Structure formats: structure tokens, C-alpha cells
Amino acid sequence: MRILAKGLTYTYNPKSPFASQALKGVDISIDEGEFFGIIGHTGSGKSTFLQHLNALIRLTGGFLKVGEYDLSDKKCNFLELRSKVGMVFQYPEYQLFAETVEKDVMFGLKNFRKDMSDEEMKAAVKEAIETVDLDYEEIKDKSPFELSGGQKRRVAIAGVIVTKPEVLILDEPAAGLDPLGKKEIMDLLHAIHGGWCKTIVFVSHDMDEIAENCTRAAVFSDGRVVMEDTPAEIFKRSDKLISLGLDIPVTAKCARILKERGIEIETDFTSEDFIVKVLAAYAAKAGA
Ligand code: ADP
Ligand code: MG
């Protein structure tokens, strides 16, 4: 399912003294199969945009289509849309509530898949829990509250992917985790991508994560998308990112230092490509 937004606007508390326009005309196009990153400073509209994608926030201005679902159409089948667009909120572990991990993961399935038998549901829950790399037998009867932070987050993700949504949306899935925890979440998303969920869209503040992982990314600023491109093209414009108050990947920082010293590196800003290009530049220099 392709995601296409044109001129999407949204105001919280309209017609009140507290009105605040969160989206001021968002244009974005995310193809089926992408591993798409969203970056931007706090308050730039990222979460508001994401919540439009499965109609948690109803469209009030502009155009938005997700696959064949036209979200401006009042007759749009929102329940069906939500079964195809899974949403993992920020700090999703706070939304775990059931007595056991198994019941928690099954909750979403019960809502969306009334056609499945109890056996089929249990099998799907087991598969989802194993997909997020947890031991089903060991964990299924535990209370979610007994688990570690990283395990809780995995259980929360399992509870969303259990319905096998075509599109998986995650709002800062790695927030608050240590570097190893972050890497594990990225590995997990890659394992889900292409199999369980065709398209992945996620918000991140970690520019290295975006440079290393994404097919393309969008930069939000003040309620609009100001860049939408491959990480290679986005991080070429590191001056622009810095002027927007954003960070840049370590590779882009190093490339800037080298440039000051007269060495221009053409890289896609993944660490592997960067090192290969730096070594080639030095070899060429040594030869000359
Ligand atoms: P981001 O996810 O990029 O940090 P948000 O979409 O959360 O941005 O917020 C965009 C703007 O909308 C901000 O100015 C924020 O203060 C405002 N906003 C977000 N949620 C609410 C809300 N529930 N009520 C009022 N204003 C909100
Ligand atoms: Mg947010």
C-alpha cells in the first residue's frame, strides 16, 4: 500500500484560544516496500502525521490515501484500514495491561480477526512473540509487568504485528533504549520488513540509524516536510539540517572535517561506504 499525502493540515483545539496548527500542508509519498524514516525537531508534527495514517486522528484538511483507502471519504472503512496499518506508539510498553503476555498480544487479534478460531489465534500469537525474538513458552504466562523494559517493548510490538499489518508505523521505537537495545530494535524491524509487514515507517532522532537503515526519509519542520529523499541526498545537505537544529550522522560530521582539510568524500553516509571511500581517497593521495 502506497501512502500519499498532499497539503495535509491539522489544528489541535480549533476555534479555541489554545488552537495550535500542528500540520501546515504536509506533502509526502511513501512507496510500498520502503523502510522509511521520519526526522524533525520536537513539535514539528511527526506524531500528528503518523496518527493520521490509521485514522486515529481524522483528516480535517488536505488529501491522504493509504493504499486504496481514501481517508477524506466519510465512507472509508476505517476498521479495515486499521487492520492493515499497525501503529506502535511512543513508549508502547505503557499500554500493556493484560494479566499475561499471551492475552496482551492476543488482544489486537480479537478485535480485528473475528473469523479466527482460538487455536488459530494462539498459533498467531506464538508466531508473533517468536518473531520479536522472545521465548514463547517461557514468557506467555508471565505478567507483562514482570518483564524488562526491552522485553516489554517487544511484547508491545508483537501485539501490533500479530494481525500482520501491511504497513507498520512506529513512533520513536528506539526511544529511551541503550545502544544495544536500539540495535536490537532495528534488527527486529529489518526481520519484520518484507515478510510480516511490507512497508515500515518510523520516527527517529538518531541520524546514524536513518543513514544506515532507510530506503528514504522525510524531514519535518514546523508542520511541513522540507526534505524527502534518500539518506545519501539528505545528509549531503548537512548545512540545511544543522540550520534546522537537527543533528547529522557521525559519517557526515567526519566528511565535514575532511572537507575542511581539502578531502572531498562522495559517500552515501553508511559507515561501511564511508570507510571504503576514505581509504580510497587516502590511497589516491598517497599514490599522487
Ligand atoms: P512531534 O511528534 O514532531 O514532536 P507533534 O505532532 O507531537 O510533534 O506536535 C506538533 C504540534 O502540535 C506541537 O506544537 C504540539 O505542541 C502540538 N500538539 C501535539 N499534540 C497536541 C495535543 N494533544 N493538543 C494540543 N496540541 C498538541
Ligand atoms: Mg512525537
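Summary of the structure given here. All figures in this text were calculated on a predicted structure; none of them were measured in a lab.

What counts, and where the lines are drawn
- Residues numbered from 1 in each chain as written.
- Chains lettered and ligands numbered in written order.
- Predicted model: local features only at pLDDT ≥ 70, side-chain atom pairs only at ≥ 80, totals over all residues.
- Heavy atoms only, no water.
- Helix = DSSP H or I, 4+ residues; strand = E, 2+ residues; numbered from the N terminus.
- Rg over C-alpha atoms; globule rule 2.2 N^0.38 Å.
- Buried < 20%, exposed > 50% of the residue type's maximum accessible area, 1.4 Å probe, protein only.
- Areas by Shrake-Rupley, 256 points an atom, 1.4 Å probe, with all protein chains shown as cover.
- Lys, Arg positive; Asp, Glu negative; His and termini not counted.
- Charge placed at Lys NZ, Arg CZ, Asp CG, Glu CD.
- Axes fitted to C-alpha atoms, helices over the stretch in contact; angles between N-to-C directions.
- Parallel < 35°, antiparallel > 145°, perpendicular 65-115°, else oblique.
- Left-handed = near helix turned anticlockwise from the far one by under 90°.
- Contact = heavy atoms within 4.5 Å.
- Nonpolar A, V, L, I, M, F, W, Y, C, P; charged D, E, K, R; others polar.
- Near = heavy atom within 4 Å.
- Polar contact = N/O pair within 3.5 Å; in protein donor to acceptor, adjacent residues only side chain to side chain.
- Phe/Tyr/Trp six-rings, centres within 6.5 Å; stacked < 30°, edge-to-face > 60°.
- Pairing = 2+ DSSP bridges.

Below, the discussion takes up the overall build of the chain. When helices and strands are tallied, the chain shows twelve helices and ten strands. Against the compact-globule benchmark of 19 Å for 288 residues, the chain has a radius of gyration of 21 Å, which places it among compact chains. Along the first, second and third principal axes, the C-alpha set of the chain runs to 70 × 50 × 35 Å. Looking at the chain as a whole, 50% of its 288 residues qualify as buried. Looking at the chain as shown, the accessible area adds up to about 14,200 Å², and 51% of this sits on carbon and sulfur atoms. If the 37 positive side-chain charges of the chain are averaged to one point and the 46 negative ones to another, these points end up 6 Å apart.

This part takes up the packing of helix H11 (residues 250-260) against helix H12 (residues 271-287). Look at H11 against H12: their axes get within 10 Å of each other, and the N-to-C directions meet at 20°. When the axis of H11 is compared with that of H12, the two are roughly parallel. Crossing handedness for the pair H11 and H12: left-handed. Contacts from Thr251, Cys254, Ala255 and Leu258 in H11 reach Ser271, Phe274, Val278 and Tyr282 in H12.

Helix H7 (residues 179-192) packs onto helix H6 (residues 149-161) with a crossing angle of 15° between their chain directions and a minimal axis gap of 12 Å. Judged on the interaxial angle alone, H7 and H6 are roughly parallel. Viewed along their axes, H6 and H7 form a crossing whose handedness is right-handed. On H7, the residues that touch Arg153, Arg154, Ile157 and Ile161 of H6 are Glu184, Ile185, Leu188 and Ile192. Taken together, the residues of the contact of H6 with H7 break down into five nonpolar, no polar and three charged.

Looking now at the site of ligand 1. In the vicinity of ligand 1, the contacting residues are Tyr12, Asn13, Ser20, Ala22, His41, Thr42, Gly43, Ser44, Gly45, Lys46, Ser47 and Thr48. Contact between ligand 1 and lysine 46: an oxygen atom at 2.8 Å from a side-chain N or O atom of the residue. One of the side-chain nitrogen or oxygen atoms of serine 47 is found 2.8 Å away from an oxygen atom of ligand 1. Mapped by element, the contributors of at least two residues to the shell around ligand 1 are strand S2 (20-30) and helix H1 (46-53). Among the elements that make up the shell around ligand 1, the one with the highest residue count is H1 (three residues).

Counted by the stated rule, this structure contains six aromatic pairs. Residues phenylalanine 35 and phenylalanine 202 carry aromatic rings whose centres are separated by 5.5 Å and whose planes lie at 65° to one another, so their mutual orientation is edge-to-face. Of this pair, phenylalanine 35 sits in strand S3 (residues 35-40) while phenylalanine 202 sits in strand S8 (residues 199-203); the two residues are 167 residues apart in sequence, bridging distant segments of the chain. Taking relative accessible area as the criterion, phenylalanine 35 reaches 1% and is therefore assigned buried. Residue phenylalanine 202 is classed as buried on the basis of its relative accessible area, which comes to 0%.

Now for the sheet that holds strand S9 (residues 216-221). Sheet strands pair via backbone hydrogen bonds, and the direction of the pair is either parallel or antiparallel. The strand order S6-S7-S8-S3-S9-S10 describes an open sheet built from six strands, whose pairing is mixed. The strands lining the two open edges of the sheet, one partner per strand, are strand S6 (85-88) and strand S10 (224-229). Within this sheet the neighbouring strands show an average axis-to-axis angle of 15°, counted without direction. Inspection of the sheet shows S3 paired to S9 by five bridges, in the parallel sense. Opposite glycine 40, over in S9, you have phenylalanine 220 as the bridge partner. Each of S3, S6, strand S7 (167-170), S8 and S9 touches H1; the most contacted strand, S3, lies at about 145° to it.

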